Amino acid sequence: MMRRLAVLGHPVAHSRSPAMQSAALAELGLAGAWSYEAIDVSPDEFEQRARAMPGEGFVGANVTVPHKGAALVLADSLSETAREIGAANTLSFTEDGIHADNTDAEGLLKALPTSPQGEAALVLGAGGAARAVVWALLREGADVDVWNRTELRSRNLCAELGGSPVSVPDATTYRLIVNSTSVGLCGEDALAELPLSTSGFSAGQTVVDLVYGAAPSQLLAAAKAGGATVVDGIEVLVCQGALSLEIWTGYEPPLQAMRAAAREDKGRADD
Ligand code: ATR
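Residues numbered from 1 in each chain as written. Predicted model: local features only at pLDDT ≥ 70, side-chain atom pairs only at ≥ 80, totals over all residues. Heavy atoms only, no water.

1. Quick look at the site of the ligand
Using the following cut-off: Near residues are defined by distance, with any heavy atom within 4 Å of the molecule or strand qualifying the residue. Side-chain atoms alone can form a polar contact between residues adjacent in sequence; in general such a contact is a pair of N or O atoms within 3.5 Å, and within protein one must be able to donate a hydrogen while the other accepts it. The protein chains shown are the only cover counted for residues, whose accessible areas, like all others here, come from Shrake-Rupley with a 1.4 Å probe. Think of a 1 Å grid over just the protein atoms. A cavity is a set of points where a 1.4 Å probe fits yet cannot get out, a pocket is an open set with protein on both sides within 12 Å along at least five of seven lines, and lining residues have an atom within 4 Å of a point. To be counted as sitting in a cavity or pocket, a molecule needs more than half of its atoms within 2 Å of that site's grid points. The classification used treats Ala, Val, Leu, Ile, Met, Phe, Trp, Tyr, Cys and Pro as nonpolar, Asp, Glu, Lys and Arg as charged, and all other residues, Gly among them, as polar.
N148, R149, T150, R153 and E193 are the nearest of the 15 residues found near the ligand. R153 is positioned such that a nitrogen or oxygen atom in its side chain is 2.8 Å from an oxygen atom of the ligand. E193 is positioned with one of its side-chain polar atoms (N or O) 3.0 Å from a nitrogen atom of the ligand. Protein coverage of the free-state accessible area of the ligand, which is 640 Å², stands at 78%. Its atoms largely coinciding with the cavity grid, the ligand occupies the largest pocket. Taken together, the residues of the shell around the ligand break down into three nonpolar, seven polar and five charged.

Pasting the structure below:
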């Protein structure tokens, strides 16, 4: 019987996960036995849909916006990472029930060129994506400041996970900057909406933008022009997806095939 995998989201049509994961399954020689599809499911139907999946041949699912919190709630067991972050992006349907994991955090760390241990890091945003980023960087021993447009949310995030909320960060002083807001997703100018300036980047800095659109992000273009090392959202998408694939299949993920497939089109990193 075909072992089915899927990504659950709303909307989900833009997701690069089906192309990326299908390419991985083909590369591993599993295309005849495993499949990966996108399923659009609204929030009020999410739980029922997810619970029906094991009976339909599904062995696992990625979960994206806006279901990452609901995925955590419906699971019978949680990885420690998912529990601490408060969100799940990977479900496994097992004989013992639904197991929830979070590969967003580890995926971000894998996408970084060097360990952030001991480095001053600035995380922009305080939503679900930012939670995984803050959790990951703190676990690696980075010194994390969190800025968010709505300051109450960054204060609450730091009270729960750690890190320090900042109201007016001087971005030039950080070795690592991660845009985990949704700014740029609909073409907004990150440099206008976020506490960053076009000329504020330098060599020795690493700048990550979880958002990617049809064109290369303006934020990463400015960072690169200033000499910074840049990591785009596709690389983070590939790294989290690879970890999910490994959880389901036990095979070592074919990263190059996944990268190539993910880069054939664009979407958002956390799907
Ligand atoms: P996700 O779970 O994908 O992170 P979210 O919880 O809706 O999504 O969070 C979106 C993040 O982008 C928030 O940090 C949000 O800031 P607010 O908490 O102030 O809403 C941030 N964001 C969205 N649009 C923004 C903008 N124009 N300028 C600055 N931050 C923005």
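2. Digging into the sheet that holds strand β2 (residues 34-40)
For the record, the criterion: Strands qualify as paired when DSSP identifies two bridges or more between them. Segments assigned H or I by DSSP are reported as helices when at least four residues long, segments assigned E as strands when at least two residues long, and all are numbered from the N terminus. Between two residues, a contact is recorded if the distance between any of their heavy atoms is within 4.5 Å. As a rule, the C-alpha atoms of each element are fitted with a line to give its axis, helices using only the stretch in contact, and angles between N-to-C directions run from 0 to 180 degrees.
Taken in spatial order, the six strands of this open sheet run β2-β1-β3-β5-β6-β4, and their pairing is mixed. Whereas interior strands pair on both sides, the edge strands pair on one side only; in this sheet they are β2 and β4 (77-78). Sheet strands in contact with helix α1 (residues 17-27) are β1 (3-9), β2 and β3 (58-63), and its direction is about 175 degrees off that of β2.

3. Quick notes on empty space enclosed by the protein
Applicable threshold: Grid points are joined across faces, edges and corners, and a volume is the space filled by probe spheres set on the points.
On inspection of all chains with the given rule, the structure shows three cavities of 30 Å³ or more. Size it by volume and the second largest cavity reaches roughly 40 Å³. Lining of the second largest cavity is provided by L112, P113, T114, S115, P116, E119, L176 and T206. Looking at the lining of the second largest cavity residue by residue, the class counts come to four nonpolar, three polar and one charged.

4. Re the nonpolar core
To keep it simple, the criterion reads: By convention a nonpolar core is built from buried Ala, Val, Leu, Ile, Met, Phe, Trp, Tyr and Cys residues, the set being connected through side-chain atoms within 4.5 Å. Categorising residues by exposure relies on relative accessible area from a 1.4 Å probe, with only protein chains included: less than 20% of the type maximum marks a residue as buried, more than 50% marks it as exposed, and the intermediate range marks it as partly exposed.
Of all hydrophobic cores here, the largest spans 31 residues; its most connected members are L108, V123, L137, V208 and L210. Broken down by secondary-structure element, the contributors of at least two residues to this core are α5 (104-111), β7 (120-124), α6 (128-139), β8 (143-147), α7 (151-161), β10 (176-179) and α10 (233-249). Considering every element that reaches this core, the biggest residue donor is α6, with eight residues. With near-sequence residues (within four places) excluded, V208 lies in contact with L108, L112, L176, I177, V178, N179, L220, V231 and V236.

5. So, the layout of surface pockets
In this structure, the largest pocket occupies an estimated 560 Å³ of space. Every residue lining the largest pocket is counted, 31 residues in all, and those nearest its centre are G127, R153, S180, T181 and S182. Elements with a contribution of two residues or more to the lining of the largest pocket: α3 (68-74) and α6. Residue classes in the lining of the largest pocket are distributed as 10 nonpolar, 13 polar and eight charged.

6. A word on the pairing of β10
Burial of β10 is two-sided: the residues L176 and V178 facing one way and the residues I177 and N179 facing the other way are all buried. Judged from the four bridges that link them, β7 and β10 form a sheet pairing that is parallel. Pairing of V123 across the sheet is with V178, part of β10. Across four bridges, the pairing between β10 and strand β11 (residues 206-209) is parallel. Residue pairing across strands places N179 opposite D209, the latter belonging to β11.

7. Some details on the environment of L255
The residue L255 is located in helix α11 (residues 255-262) in this model. When the C-alpha positions of L255 and E235 are compared, they lie 9.8 Å apart, and in sequence the two are 20 residues distant. In this structure L255 touches V238 and A242, once residues within four positions along its chain are discounted.

8. Quick word on the sheet that holds strand β9 (residues 164-165)
Consider a sheet: its strands pair through backbone hydrogen bonds, and that pairing is either parallel or antiparallel. Here six strands make up an open sheet; going across it, the order is β9-β8-β7-β10-β11-β12 and the pairing parallel. Across the chains shown, the open sheet's two edge strands, defined by having one partner strand only, are β9 and β12 (229-232). Inspection of the sheet shows β8 paired to β9 by two bridges, in the parallel sense. Each bridged residue has a counterpart across the sheet, and for D145 the counterpart in β9 is S164. Sheet strands in contact with helix α9 (residues 218-225) are β10, β11 and β12, and its direction is about 170 degrees off that of β11.

9. Side note on the side chain of T181
Mapped onto the elements, T181 comes out in the loop between β10 and α8 (190-193). T181 gets classed as buried once you look at its relative accessible area, which sits at 10%. Of the polar contacts made by the side chain of T181, one reaches the side chain of N179; its length is 2.7 Å.

10. Observations concerning the packing of α5 against α6
Convention followed: Roughly parallel covers angles under 35 degrees, roughly antiparallel covers those over 145, roughly perpendicular covers 65 to 115, and oblique covers all other angles. Crossing handedness follows the turn of the near helix against the far one: under a right angle anticlockwise gives a left-handed crossing, and clockwise gives a right-handed one.
As a packed pair, α5 and α6 sit with axes 8 Å apart at the nearest point and diverge in direction by 60 degrees. On the basis of their axis angle, the class for α5 and α6 is oblique. Where α5 crosses over α6, the handedness of that crossing is right-handed. In this structure, α5 contributes D104, A105, E106, L108 and L109 to the contact, and α6 contributes A132, V133, W135, A136, L137 and R139. By residue class, the composition of the contact of α5 with α6 is eight nonpolar, no polar and three charged.

Coordinates in, geometry out; function isn't part of it.
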